[in-house]
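# Residue-level structure breakdown
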Amino acid sequence: MNPPRDPHPNPLVGIGLKVGSVAIFVAMASFIKASGQLPAGQIVFFRSFFAILPVVLYLAYRGELRAAVYTTRPLAHVLRGVVGVSSMGLGFFALTRLPLPEAVTINYAQPLLVVVFSAVFLGEAIRAYRWSAVAVGLVGVLIVSWPKLSLFGDASAIDPDELVGVVAAFVAAALSAIVMLQIRSLVRTEKSAVIVIWFSLTASAVGLLSIPFGWGQISAWQATFLISAGFCGGVAQILMTEAYRHAEPSTVAPFEYISIILAIIVGYLAFGDKPTIHIIAGGAIVIGAGIFIVWRERQLGIERRKALRASLPQ
């Protein structure tokens, strides 16, 4: 949900809301990891269904609830939902197989892959600066993943679960990048609230359809963790929406990378995941590449606005 900008923006409020949303998204990931190795479809259902309530309350408060279910492009929403659910499911699967910091860091291949896919599928002109940032960022992801891949090391030392987790995390990031392109198309005709509600409903339905493939028997604690993850996802989405209401995307976007730091802290305190030199070095490279892309986009936006003003009749 990306609502109209506040006529009286307050960047500090926007940054605070963004940091809050990032922290709650990390809490969501932590709850999912704490729930154990459950089927991805089961996790997707809980994450999506219980996120609907806070989102519905938010839309009702803004008077947008009735309009949030009307669309002229239902098939496009369903397709976006299927790709998004696939990404979500693989991401949750990776969370249950990898240390929290590594799963979160590999996910940040997504904005880098958006640049690649924009060039390949949309024919966007990507300049050398951004290609360089993408290459450097993907090197950072490789550094994080390297201990799990050990391409030139002792294959017997590789944990198969973690290897599959790395592959799942990277494919999830790639699918998430495709979702970003789908959303670019949808926002031309659809309101943000419509996109959010349709995705939540589609994801919940797909999660339910996975029951025949086997859902795990869960304890009361696991159910609590999964329901909490759903609420956290919905609340974090609302805070992120409000962040973009108060500040420019380029102002708040760099604070997304706080999640890597929080994931390292939570991973160590809650799950005993000790940060390695690979996660620290690779994470720093990924953060640097992502921030550079954000900065470059901001500079290009300034240049485009200057060129537009210069071309307007005085």
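The preceding data block contains the structure.
Residues numbered from 1 in each chain as written. Predicted model: local features only at pLDDT ≥ 70, side-chain atom pairs only at ≥ 80, totals over all residues. Heavy atoms only, no water.

Another point: the overall build of the protein. When helices and strands are tallied, the protein shows twelve helices and zero strands. Starting at the N terminus, the α and β elements of the protein follow one another as α-α-α-α-α-α-α-α-α-α-α-α. Each of the 314 residues in the protein was classed as buried or not, and the buried ones make up 46%. Summarising the internal contacts of the protein: among those between residues at least 6 apart in sequence, 89% fall at separations of at least 24. Here the protein has roughly 15600 Å² of accessible surface; of this, 69% comes from carbon and sulfur atoms. (Helix = DSSP H or I, 4+ residues; strand = E, 2+ residues; numbered from the N terminus. Buried < 20%, exposed > 50% of the residue type's maximum accessible area, 1.4 Å probe, protein only. Contact = heavy atoms within 4.5 Å. Areas by Shrake-Rupley, 256 points an atom, 1.4 Å probe, with all protein chains shown as cover.)

To continue, consider a nonpolar patch on the surface. On the surface, a cluster of nonpolar side chains totalling about 430 Å² of accessible area is made up of Ile-261, Ile-265, Tyr-268 and Leu-269. Note that Leu-269 resides in helix α11 (residues 258-271). Here Leu-269 falls in the exposed class, since its relative accessible area comes to 67%. (Patch = residues over 30% accessible without salt bridge, like charges linked within 9 Å, V, L, I, M, F, W, Y side chains within 5 Å. Salt bridge = Lys/Arg side-chain N within 4 Å of Asp/Glu carboxyl O.)

Here we come to the packing of aromatic side chains. Evaluation of the coordinates by the stated rule reveals eleven aromatic pairs. Consider the rings of Phe-117 and Phe-121, whose centres lie 5.6 Å apart with planes at 55°: the pair is tilted. Residue Phe-117 and its partner Phe-121 are located together in helix α5 (residues 109-122), separated by four residues, close to a single helical turn. On the basis of relative accessibility, which here comes to 16%, the residue Phe-117 falls in the buried class. Each ring, one from Trp-221 and one from Phe-225, has its centre 6.0 Å from the other, and the planes form 35°; the classification is tilted. Here Trp-221 and its partner Phe-225 are both found in helix α9 (residues 220-246), four residues apart, which amounts to about one turn of the helix. Among the aromatic residues, those joined into a cluster by ring pairs are Phe-45, Phe-46, Phe-49, Phe-50, Trp-215 and Phe-231. The ring of Phe-271 has Lys-33 sitting right over it, with the charged end atom 5.6 Å from the ring centre. Residue placement shows Arg-80 over the ring face of Phe-199; its charged tip is 4.1 Å from the ring centre. (Phe/Tyr/Trp six-rings, centres within 6.5 Å; stacked < 30°, edge-to-face > 60°. Lys NZ or Arg CZ within 6 Å of the ring centre and 35° of its normal.)

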